[in-house]
Amino acid sequence: MALINVNDVSLGYEGKPIVKNLNFSVNKGDYLCIVGENGSGKSTLMKTLLGQKNVLSGKIEYSEGLKQTEIGYLPQQTEVQKDFPASVKEIVLSGCLNGCGIRPFYSKSQKAAASENMKKLGIAELSARCYRELSGGQQQRVLLARALCATKKLILLDEPAAGLDPVVTQNLYKIIKEINDDGITVIMVSHDMEAAMKYASHILHICHKPLFFGKKEDYAVTDVCCQFTDGGEEK
Amino acid sequence: MIEQLFNYFSYPFVKYALTAGVLIALCAALLGVSLVLKRYSMIGDGLSHVAFGAIAVATVCGAAPMTVALPITVVAAVILLGINSNKKIKGDAAIAMISVGALALGYLLLNIFSASSNVSGDVCTTLFGSTSILTLSKTDVILCLALTAVVILVFVLFYHKIFAVTFDETFASATGTNTKAINTMIAIVTAVVIVLAMNLVGALLISALIIFPALSAMRIFKSFLSVIISSAVISVICAVTGILIAILYGTPVGSTIVAADIAAFLICTLFGKISKRS
Ligand SMILES: Nc1ncnc2c1ncn2[C@@H]1O[C@H](COP(=O)(O)OP(=O)(O)OP(=O)(O)O)[C@@H](O)[C@H]1O
Ligand SMILES: [Mg+2]
């Protein structure tokens, strides 16, 4: 059975649908890229997959082995209050919390995993710094490290490359590919079509209704893809 | 003066007051950081008024204040928190409504039913806690000890979860932390601390005990743990200073402690400004 099965789902706010008739499934080990124009409902879909929002109609089924505590998540926007006193290390570690269960403190291996993830994303030197005093891209890396810490089986990333410099972006795609090769399922919202076509195994293109879902090889030859990647110009 | 102080320490009521004062200040500061950061400062204030109303009811019924005030305040805390997380109802208006409502009804009840000849004196005591901390009995202190021990234990055991929920509730709940349970727990603990703190500073001044140490610590420190620890230290120092000054000079305990907290806040703000510049 698929890890996540989305059955004729409609999404929206206050009863007004934004995306209708969504049908797709994600299998273990897949790398799904969700693409589409601004406001097409990608972030809404991510929130719904995470159980933070209800569907208007339809059904999302999770395979029985998948628990909420095995999911890592990078939101598109994180509202952190001004002056929130929190060091980078504290935030990254908080990603490990879902592995704690009822144990009140972090284990040695969790702490090691946290510093490993900080190293991977090049923020090890920042570990004692205050989050609020970092640059936008640095903050994004901190939240990515936190998401990696929380990931056991599935990771959902909402525009992970936003605000990152080119070097870190490429590095990030490599890291995600690596964990995907380790068997972790990846669902990513991205506007970076080139990277999506390079790394993903499946593409979901939505624009108020699903325009395409399937393997990326099949996507590449559709009209939808050509129009979208060429900036909407008709050929 | 030192001699006079040592003289006072031989009285049990001074020992009781200091013990209770330190413990309550400690709890209030621990919790205060989360409450301030979660934008729940007003809930603390509202709850203190509810506690006042509850104590008025207890006085009228002739029941022990704590046994009535504790459950009522806990229930109010859970309700207020529920209102606040429901985005459809304006949270701050609801809190203001409950808090002034409880205050008015409490005073009304006391005025109509109280057997005491000095109603306004009683009310003043409950609101500003003028002397009650100095009249604690041994049972009061033991109850206070037990409750603060529970609060501190809960805080230590759930420290990381409280941090996660305070910093980013969406992420915490998306990755499987039961944020609702944690929030409810924070609300209940807040209610307990507020009822305890009524003894120390009175209903109207409790918020100061919760908010000032957290804000002072945040002027200087930049990580969650250091803010929590330093706010606890600041709060305890201010409580001890306040109580001692109050005993020596006969000033009202609650307002003296709050004055000490304000002084600490000013010092920390100054210190934060200087250290930023250099
Ligand atoms: N909280 C909300 N209440 C009402 N409508 C909302 C809310 N959040 C988003 N919307 C609407 O839902 C639609 C989809 O939003 P969503 O954030 O899912 O877009 P997106 O595909 O992630 O876009 P982007 O590429 O800009 O991130 C938008 O038209 C937006 O106006
Ligand atoms: Mg989005």
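Residues numbered from 1 in each chain as written. Chains lettered and ligands numbered in written order. Predicted model: local features only at pLDDT ≥ 70, side-chain atom pairs only at ≥ 80, totals over all residues. Heavy atoms only, no water.

Draft legend 1. Just the site of ligand 1, in detail. All names here are of chain A. Close contacts around ligand 1 come from 13 residues, with I18, K42, S43, T44 and Q76 the closest. One nitrogen or oxygen atom from the main chain of G39 is found 2.8 Å from an oxygen atom belonging to ligand 1. Relative to its free-state accessible area of 640 Å², ligand 1 is covered by the protein chains to the extent of 61%. Tallying contributions element by element places helix 1 (residues 42-49) first for the shell around ligand 1, with three residues. Considered class by class, the residues forming the shell around ligand 1 number two nonpolar, eight polar and three charged. (Near = heavy atom within 4 Å. Polar contact = N/O pair within 3.5 Å; in protein donor to acceptor, adjacent residues only side chain to side chain. Areas by Shrake-Rupley, 256 points an atom, 1.4 Å probe, with all protein chains shown as cover. Helix = DSSP H or I, 4+ residues; strand = E, 2+ residues; numbered from the N terminus. Nonpolar A, V, L, I, M, F, W, Y, C, P; charged D, E, K, R; others polar.)

Draft legend 2. Seen up close, the pattern of salt bridges. Scanning the model with the defined rule gives seven salt bridges over all chains in all. In this structure, B:K38 and B:E169 form a salt bridge, with 3.4 Å as the shortest nitrogen-oxygen distance. With a gap of 131 residues between them, B:K38 in the loop between helix 2 (12-37) and helix 3 (41-61) and B:E169 in helix 9 (residues 169-174) connect regions that are remote in the sequence. On the basis of relative accessibility, which here comes to 33%, the residue B:E169 falls in the partly exposed class. Each member of the salt-bridge network shares a partner with another, and the members are A:K67, A:E70 and A:K153. (Salt bridge = Lys/Arg side-chain N within 4 Å of Asp/Glu carboxyl O. Buried < 20%, exposed > 50% of the residue type's maximum accessible area, 1.4 Å probe, protein only.)

Draft legend 3. Looking closely at the state of the cysteines. Residues and elements named next belong to chain B. Within the structure shown, the criterion is met by zero disulfides over all chains. C268 takes part in no disulfide bond, and the closest cysteine sulfur to it belongs to C238, at a distance of 8.3 Å. Taking relative accessible area as the criterion, C268 reaches 9% and is therefore assigned buried. (Disulfide = S-S within 2.5 Å.)

Draft legend 4. Quick look at the packing of aromatic side chains. Tallying each qualifying case throughout the model produces 12 aromatic pairs over all chains. For the pair A:F84 and B:F224, a centre-to-centre distance of 6.1 Å together with 15 degrees between the ring planes defines the contact as stacked. One end of the pair, A:F84, is in the loop between strand 5 (71-74) and helix 2 (88-94); the other, B:F224, is in helix 12 (residues 224-249), on a second chain. This pair shows no difference in class: A:F84 is buried, exactly as B:F224 is. Between the aromatic rings of B:Y11 and B:F13, the centroid separation amounts to 5.8 Å while the plane-to-plane angle is 40 degrees, which identifies the pairing as tilted. (Phe/Tyr/Trp six-rings, centres within 6.5 Å; stacked < 30°, edge-to-face > 60°.)

Draft legend 5. Here's a closer look at empty space enclosed by the protein. Inspection of the entire model under this criterion finds four cavities of 30 Å³ or more. Volume-wise, the largest cavity comes out at about 50 Å³. Residue lining of the largest cavity: A:S94, A:L97, A:R146, B:F163, B:A164, B:F167, B:D168, B:F171, B:A172, B:T175 and B:T177, and that is the complete set. For the lining of the largest cavity, the secondary structure elements donating two or more residues are helix 8 (159-167) and helix 9 of chain B. In terms of residue count, helix 8 of chain B provides more of the lining of the largest cavity than any other element does, three residues in total. (1 Å grid on protein atoms, 1.4 Å probe; cavity = no way out; pocket = protein on both sides within 12 Å on 5 of 7 lines; lining within 4 Å. Points joined across faces, edges and corners; volume = space filled by probe spheres on them.)

Draft legend 6. Region of interest: the sheet that holds strand 1 (residues 4-13) of chain A. Residues and elements named next belong to chain A. Spatially, three strands are ordered 2-1-4 in an open sheet, and the strand pairing comes out antiparallel. With one partner strand each, in any of the chains shown, strand 2 (16-26) and strand 4 (57-62) form the two edges of the open sheet. Taking each pair of neighbouring strands and ignoring which way they run, the sheet shows an average axis angle of 30 degrees. Sheet topology places strand 1 next to strand 2; seven bridges connect them, and they run antiparallel. Residue pairing across strands places I4 opposite V26, the latter belonging to strand 2. Sheet strands in contact with helix 1 are strand 1, strand 2 and strand 4, and its direction is about 120 degrees off that of strand 1. (Pairing = 2+ DSSP bridges. Axes fitted to C-alpha atoms, helices over the stretch in contact; angles between N-to-C directions. Contact = heavy atoms within 4.5 Å.)

Draft legend 7. How the structure looks around the interface of chain A and chain B. Chain A puts 32 residues into the contact, and the matching count from chain B is 27 residues. Carbon and sulfur atoms supply 65% of the area that chain A and chain B bury against each other, a total of about 2,600 Å² over both sides. Per-residue buried area on chain A facing chain B is highest for A:F84, A:P85 and A:L97; these three make up 23% of the total on that side. For the interface between chain A and chain B, the tally reads two salt bridges. For A:R146, the salt bridge is made with B:D168, and the minimal N-O distance between the two is 2.9 Å. If you list the elements that add at least two residues to the side of chain A that touches chain B, you get strand 5, helix 2 and helix 4 (136-150) of chain A. (Buried area = accessible area lost by both parts, 1.4 Å probe.)

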